[in-house]
Structure formats: structure tokens, C-alpha cells
Amino acid sequence: MNYGNFSKDGKEYLIHNQRTPSPWINYLYNGRYFTTISNNGGGISYYKSPLHGRITRYRINDVPPDRPGKYIYVKDNETGETWSLTWQPMGKHLEAYRVAHGFGYTRAEASVNGIDSSVLFFVPREDDQEIWKATLVNSSAKSRKLSVYGYAELALGHALVDLINQCDDQHFNRAYFDKELNTLFSTKTYWVTETKGTQQQENQEWDQWTFFSVNKPVSGFETLRERFMGSYRNETNPESIENENLSCLETDFGNVVSALKVDIELLPGESTDVVFSLGVIEKIRFEELKEVRVHKYQSVKEVGSAFDAVLGYWNDYFSYTKAETPDHNFNTFLNYWMPYQAKVAFDVGRVVSFYYWGIGRGFGFRDTSQDTIAITISDPEKAKERIRLLSRQMQKNGKVFHHFYGDGKGEFTRHCDDPLWFILAVVEYLKETRDFNILDEPQSFIDGGSGTIQEHLLSVANFARDNLGQHGIPIFGRGDWNDTLDYIGGDEGGESVWGGMFYVAMLNLLIELLENRNLLDSHRWIADLRDKLIHAIETHCWDGEWYLRAIGEKGKKIGSKENKYGKIFLNTQVWPVIAGFPNPARLTMAMNSVKKYLDSPEGPKKCTPAWKEIDKNIGLVTRCVWGKKENGAVFCHPASWVIQAETILGRGQQAFDYLKKMLPDRIDSDTYVAEPYVFSQYITSNEHSLPGRASHSWQTGSAAWMFRVSYDHILGIRPTYRGLIIDPVIPASWEEFSIERVFRGTRYYIHVSNPYKAEKGIASLVVDGIRVPGNIIVPSEKPVCMVEVLMGKPNKDAMDI
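Scope of this entry: the structure provided in the associated data block.

1. Looking at the nonpolar core
In this structure, F422 and W575 are the most contacted members of the largest nonpolar core, which totals 179 residues. Among the elements that line this core, the one with the most residues is helix α12 (residues 497-516), at 14 residues. Residues V119, W206, V214 and F276 belong to the second largest nonpolar core, which totals 44 residues.

2. Brief notes about the packing of aromatic side chains
Scanning the entire structure with this criterion turns up 65 aromatic pairs. Both rings, one in F635 and one in Y682, keep their centres 5.8 Å apart while their planes meet at 20°; by these two values the pair is stacked. On the criterion of sequence distance, the pair formed by F635 in strand β31 (residues 634-635) and Y682 in strand β32 (residues 680-683) is long-range, its members being 47 residues apart. With respect to class, F635 is no different from Y682; both count as buried. If you follow K606 out to its NZ or CZ, it ends over the ring of F635, 3.7 Å from the centre.

3. Some points on the sheet that holds strand β35 (residues 724-726)
What the 3 strands build is an open sheet, ordered β34-β35-β40; its pairing is antiparallel. Both outer strands of the open sheet, β34 (717-719) and β40 (776-777), are each paired with one neighbouring strand and no more. Bridge count between β35 and β40: 2 bridges; the pairing is antiparallel. Paired with L724 across the strands is I777, a residue of β40.

4. Section: the side chain of Q341
Counting through the fold element by element, Q341 comes out in helix α7 (residues 328-348). By relative accessible area, Q341 is classed as buried at 0%. Those residues in contact with Q341, other than ones at most four positions away along the chain, are V678, F679, W698, T700 and A703.

5. Notes on unusual backbone geometry
A cis amide bond links R67 to the next residue, P68, at an omega of -20°. With respect to the secondary-structure elements, P68 resides in the loop between β6 (54-56) and β7 (71-76). For the bond from T608 to P609, the omega torsion is -15°, close enough to zero to count as cis. Position of P609 among the secondary structure elements: in the loop between β30 (607-608) and β31. Phi is positive for N113, which is not a glycine, with a value near 55°. Take N113: it is sitting in the loop between β10 (105-112) and β11 (115-122). One non-glycine residue, K554, adopts positive backbone phi at about 55°. Checked against the element boundaries, K554 lands in the loop between β27 (550-551) and β28 (557-558).

What counts, and where the lines are drawn
- Residues numbered from 1 in each chain as written.
- Predicted model: local features only at pLDDT ≥ 70, side-chain atom pairs only at ≥ 80, totals over all residues.
- Heavy atoms only, no water.
- Core = buried A, V, L, I, M, F, W, Y, C linked by side-chain atoms within 4.5 Å.
- Buried < 20%, exposed > 50% of the residue type's maximum accessible area, 1.4 Å probe, protein only.
- Helix = DSSP H or I, 4+ residues; strand = E, 2+ residues; numbered from the N terminus.
- Phe/Tyr/Trp six-rings, centres within 6.5 Å; stacked < 30°, edge-to-face > 60°.
- Lys NZ or Arg CZ within 6 Å of the ring centre and 35° of its normal.
- Pairing = 2+ DSSP bridges.
- Contact = heavy atoms within 4.5 Å.

So this is what it looks like as C-alpha cells:
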């Protein structure tokens with residue numbers, strides 16, 4: 001790659017050229033305190049909420065981008081030479097910098113002017129602050145007198161108000177230096193907690209103090225941006241560093257910054273650690289905690305212990321699954337970067353990235369439900385908490401907030417799919433844990449009263465039953481999974497063919513659950529509803545080679561060979577396979593049409609041909625430029641469903657070919673632009689003038705789905721109520737592969753042999769030396785089980801699952 005590569009063990013992404021096409025970021029957090037950091041030090045810090053608890057600023061669409069950030073400047077007091085310990089903001093000596101993004105940390109190294117440096121950025125698991133540990137080594141032959149400056153620009157509270165009401169909001173900022181604690185403290189005496197811009201005055205102050213401290217005596221400080229930078233300057237060339245004139249003045253207004261200066265002297269070969277710490281303390285406990293919190297990480301030993309705890313946390317998270325296949329690059333993503341990105345998406349929730357600014361939306365109901373499926377294996381308690389949270393975003397009629405904020409507030413839209421995702425989250429948790437007790441837990445409804453989680457599930461089924469149009473297919477509303485098909489309906493209300501397929505798939509999961517609880521007889525109507533949906537789609541929605549996408553006003557077909565644009569859509573070819581529709585010839589033909597019409601060098605497109613004319617009776621998709629976003633781009637999220645569908649058809653090589661095509665380091669980074677170590681939302685397709693360009697990285701459901709589809713359907717190790725199903729669907733060229741999988745308290749070591757070059761089907765299953773009939777491993781009480789799987793010859797002796 002042009003800019004970096006994975007480390008040999010796959011646990012770090014090493015960036016050797018910091019002039020990356022876009023900021024390549026990482027997430028550092030402990031579940032309360034969050035920060036993003038790019039390879040050049042830019043990023044956002046916030047406490048609990050990026051909207052209400054914003055600590056630092058990050059300027060939207062700035063030039064240059066990725067400003068401001070977490071910056072450490074060094075000045076040689078003899079020569080006057082100044083540089084930063086990340087390549088930006090000063091932008092000097094490009095070739096001197098190296099950055100490693102790891103799990104929960106980022107490390108920036110440099111060798112500039114005879115000074116070797118390494119800065120470790122991380123957030124301790126136990127404390128609400130971020131650590132910038134800078135190690136400086138004098139590699140020259142003479143003594144060096146240096147000044148080291150730490151710098152952060154602060155937002156202090158409500159991020160949107162800070163952005164749109166700066167002229168007034170700055171009157172409430174306060175900052176002072178505590179000489180005894182060697183620390184800058186800052187806060188705001190005014191705070192709003194609305195989710196949108198408002199003039200409402202809530203008559204309260206921000207409930208936090210920020211602190212910025214360092215483990216060496218402070219020789220100067222600054223609290224105002226204008227004094228630090230100087231007139232008509234920015235972070236690239238601060239006047240106060242150039243002229244050595246930090247004001248050491250406190251402030252009660254303005255653009256507040258935290259800047260601290262320390263002076264050091266290093267003999268040849270000598271090193272020292274300068275540890276800056278930025279964090280928050282709740283005001284109600286400020287006097288009690290400030291000394292403890294500030295002093296704790298003055299000790300380099302404490303910093304080391306806290307960092308070890310971060311490494312231990314992520315090592316434990318990854319320990320629940322491990323795979324060794326013939327494809328090393330696939331192993332790197334599957335063992336580390338897929339589950340890492342999925343966990344970040346679960347914990348952060350689509351609200352903050354380089355693309356999302358943390359000011360315009362809450363948690364998405366469908367997003368959160370899907371993110372949960374990646375967490376059930378390694379952290380079922382977190383998944384359980386999230387299911388409870390999701391249940392409280394529902395009305396008694398099954399309708400849910402499209403976006404919610406976790407405080408009883410949210411936004412209702414008319415998306416037809418949102419409630420059904422709740423079934424997926426609950427069922428995946430139950431298959432992993434068999435914790436049926438959760439179904440009997442009471443949770444509140446938005447519109448009053450409460451019901452058990454099982455009753456919430458039945459409310460979702462009621463919603464599905466009551467949301468059908470004239471063809472017996474779900475009413476589209478203002479979108480389904482595809483938000484940009486938002487005006488399909490017209491006055492009559494269009495119908496979502498994909499929505500019908502999705503309802504079938506989710507109702508299948510609910511029916512299976514009710515069967516396991518011996519409750520299906522009393523809810524037979526759900527199975528009848530499922531069957532009616534299948535009949536309606538098979539009757540009205542087959543177009544000859546593929547399924548329609550929607551039925552619009554006056555019966556207009558969308559996703560038909562009769563259309564000029566959008567003749568075929570991806571999702572409606574994939575989901576009848578996932579949902580188990582009964583016509584195998586149609587399913588095979590539909591998936592063959594995906595390969596024939598939708599596949600491209602960049603991956604399977606969302607639809608084709610892309611619209612080049614606006615159609616108000618279809619919606620926003622037709623306003624997108626062709627080959628980008630929903631209008632014919634390659635979306636990574638549904639690409640995972642393509643892979644799953646191919647495995648269901650038993651086509652292992654085709655499934656793996658699609659997966660390899662979607663791995664983010666496959667395309668040259670000057671073309672791809674986004675980070676090559678995580679999935680993006682979409683990639684421009686060959687219908688765009690610049691194909692292969694990715695956007696909206698990190699915060700996408702792609703990672704959760706790619707992770708689970710890879711384990712559950714390619715490697716074929718997936719949970720069910722009875723135990724672990726063993727059902728590999730792999731390239732015929734794979735002679736063997738191995739998996740570690742923790743399931744209900746037992747660690748399974750599974751070795752799969754494929755001497756006959758099969759793509760699907762197993763001949764034998766041996767658990768701890770005993771041959772087991774069928775293909776399900778019944779849960780064991782042992783801590784460890786050894787499993788041998790033989791994929792069989794394609795004959796009558798092989799079990800074709």
C-alpha cells in the first residue's frame with residue numbers, strides 16, 4: 001500500500017506516509033470518555049455524549065482538514081527550531097514520522113533534529129481522561145534544552161450551541177490555572193441539553209470541569225486561542241511559541257484553550273517522559289476528586305499499568321473467536337479488525353467520525369439492533385443491556401424511534417423496517433446464551449405502560465401485520481433499509497418488496513423462538529402472516545430474471561426490466577435466499593442476476609443502471625450523482641448479505657470471491673481514500689467518474705455483518721438453540737482451516753479438513769474423540785472441547801446441510 005500496512009501479527013496498522021488521502025483515524029474510549037484521533041493528531045473528545053458533553057472542538061469541513069486536535073509541540077531553545085510530535089499541525093519533516101493504530105491506542109513516532117520521540121495516546125479503562133505520554137530521547141551528541149507544549153482547543157458542553165452561537169456562548173467560558181496542582185481547569189457557566197439548536201435558556205451550568213495537566217513543572221500556560229495562535233495564524237505556526245510569550249493569564253470569556261509549557265534538558269543519550277492528561281471531573285465531586293484525578297497519571301508507572309489494562313481489555317474481547325485459514329489477509333480482518341470495528345460501532349453508535357460530527361442525530365434503532373449481533377459472542381451482558389435499551393424505544397403498537405437519544409427522546413419516521421430489527425437482536429442473543437429469562441423481563445413502552453420483552457417482540461409482529469398494502473406487501477412509508485427510496489408511495493402509499501422479504505426472514509426467527517418455547521400454537525397467526533407475505537411476493541414481484549424492488553403509485557414497478565433506470569436492485573435478490581423462499585430455481589436465477597448485472601470491479605452495486613434523471617416519485621436516490629451513495633454505488637453492508645446468500649446456495653468460491661473483493665485494503669489508497677483497515681459505508685462504482693473511492697468509514701453495520709457472516713456462514717460455525725451448527729461453505733481450494741470459538745462457557749478448538757476439495761457438506765463430526773451424528777455440537781460442561789470435522793466427497797455419504 002502507498003501509505004501503510006498491517007504489522008506482521010495483524011494487531012497494528014502502520015502508517016509510514018502521513019500525507020494520507022484523508023485523515024485515518026482510531027477510537028480511544030472506555031464507555032464514558034471517548035476520543036477520536038487521526039494519524040496526524042486531529043480528533044474529537046467528549047464525555048458520554050458528543051452533543052451534550054463535548055470537551056474539544058473539531059472544525060467541520062475545515063481547511064486544512066482534521067483540525068484541531070491533540071497536539072504536542074517541541075522547541076529547541078538554542079536554535080529556535082520548532083516541530084510537532086505528530087506530522088500535523090506543523091507539517092514539517094514528513095519522512096520522519098511513523099504512526100501505529102492499535103486496539104484502543106495510537107502511537108506516533110518521529111526522529112527530528114536529533115530528538116527521537118514516541119507519543120502514546122490512550123484512554124484508561126477506569127478514569128475519564130485521555131493520556132498523551134511523550135517519550136523524548138536525545139540521539140544527538142550534545143546536550144539539548146527543549147520546551148514542550150501540550151495544546152487542546154475546548155468546546156465545553158453543548159457542541160451544536162458552541163458551533164452556531166459562538167458570539168454569545170463564549171461569554172460563559174471560564175479557565176484558571178491551579179499552581180498547586182500544576183493544572184489548567186475550564187468549564188462553562190451555561191448549558192443546554194436540547195438535541196437541536198435552541199434559544200431556550202435552561203438556567204444551568206455544564207456539569208463538568210475539564211482539566212489539562214502534565215507530570216513536570218509548568219513554566220507557562222495559555223487559556224485563549226487568540227493569544228496562543230496570534231492574529232491571522234492557526235495551529236501550524238502559533239505566535240506564542242515562536243515569540244515565547246505565553247501570557248499565563250486566566251480567562252472568563254472567549255475561545256478557551258488549554259496550553260501548557262514545560263522546559264527540559266537532555267544530555268546525549270538521555271530520555272524523559274512528558275505525560276499530558278486531558279479529562280473531566282463532575283462538578284458535584286470536583287473538590288473531592290480533583291487532586292486524585294490530576295495526580296494519578298503523573299506517575300509513569302501508573303500510566304504503564306493503565307495502558308496494560310487497555311491491552312488486556314481488547315485481548316480478552318478478541319479471545320472468544322480466532323480463525324486460521326489459508327488466506328492470511330482474511331485472517332487479519334476476521335480475527336482483529338472486523339470485530340474491533342464492530343465493537344467501536346456498537347459503543348459509539350454512528351454519532352462521531354470524520355464524517356459524522358456528533359451534533360445531528362442520535363442512535364439509530366436499526367443500526368443499534370444490528371451492531372448487537374457482533375457483541376453477543378464476547379460480551380453477552382452488553383448485548384443484553386442494549387436489548388433492554390432498544391425495547392424502551394418502542395410503542396405498544398410496535399412502532400419505534402428511528403433515532404433515539406437514550407433519555408426518552410427520539411424521532412419517529414415512517415420507515416417500514418425499523419421495528420423488525422429488534423427480533424434479530426433478541427434472537428441472536430438467545431441463540432448464543434439460551435438466556436430465556438430475558439423474555440420475561442418487563443420493560444416500558446414509550447406511550448405508557450410496560451410489557452415483557454416477549455410482549456415487545458409480539459408488538460413488532462403486530463406492527464408487521466398492520467403495515468401491509470393493497471398487494472399484501474409492507475407499506476413503504478418514507479423508506480425501508482434504503483432511506484433514499486423515500487417517495488415511492490405517492491398518495492396511495494407504495495409497497496416495499498424488500499420489506500416483505502425482510503419481514504419473512506425476521507418472522508421466521510420469531511417463529512423458531514416461539515417453537516422453542518412451545519408457544520407457537522397460541523400465535524399461529526404469525527406463521528400465517530409469514531406465508532401470506534411469501535405468497536404475495538411470489539405472485540406479484542417476480543420480473544422474469546429477478547425480483548422487483550418496490551411497487552409504487554398506481555402499481556408502478558420499481559426494479560424491473562421495464563424501467564429505464566434502477567432495473568435491478570441488490571437487496572431483493574439476496575433476501576429471498578436469506579428468508580428461505582420456497583422456489584430454488586428463482587433463488588438461483590436471482591443470485592445469478594446479481595453476478596451478471598450488479599457485480600463490478602469494486603463489488604456488487606446497490607442497483608443498476610444508476611439514475612441520471614431526477615424522479616420525484618421515487619425519491620432522494622435519483623438526486624444522488626450516478627455511481628455514488630445509494631444511486632448505484634457499492635454498499636459494503638448489503639455486500640455481506642450477498643456473501644451469506646451465496647453460502648446458503650452452497651457456492652463457497654463465489655461467496656469468498658465477493659468477500660475478498662470487499663476487504664478495504666484491496667484497492668490502492670490513492671483511489672480508495674478512506675482507511676484501508678476498516679470498512680466504509682460505500683465505494684463509488686464503475687458508473688461514477690472516479691470508481692473505487694470509499695466514504696463514511698468506521699460507523700457502518702458492515703463490520704458486524706462481515707464478522708458474523710464470515711464466521712457463521714463461510715467458516716460455518718454458528719449458534720442455534722440446540723448448540724453449535726457446523727456447516728462450512730468455503731473455496732474448494734482450502735485444504736483445511738482451524739477455529740477457536742467460545743460458546744456457553746466452553747472453548748471449542750475446531751479443525752476442519754477438506755481433502756476432497758468440497759465447497760459444502762460434511763462427512764463426519766468428531767467431538768473429543770467421539771463421532772457425533774448430524775452437524776450440531778450439543779453444549780458441553782467441559783471447559784475445553786476438541787472437534788474434528790471432515791468435509792466429505794460430494795456423494796450420498798456427505799451431509800448436505
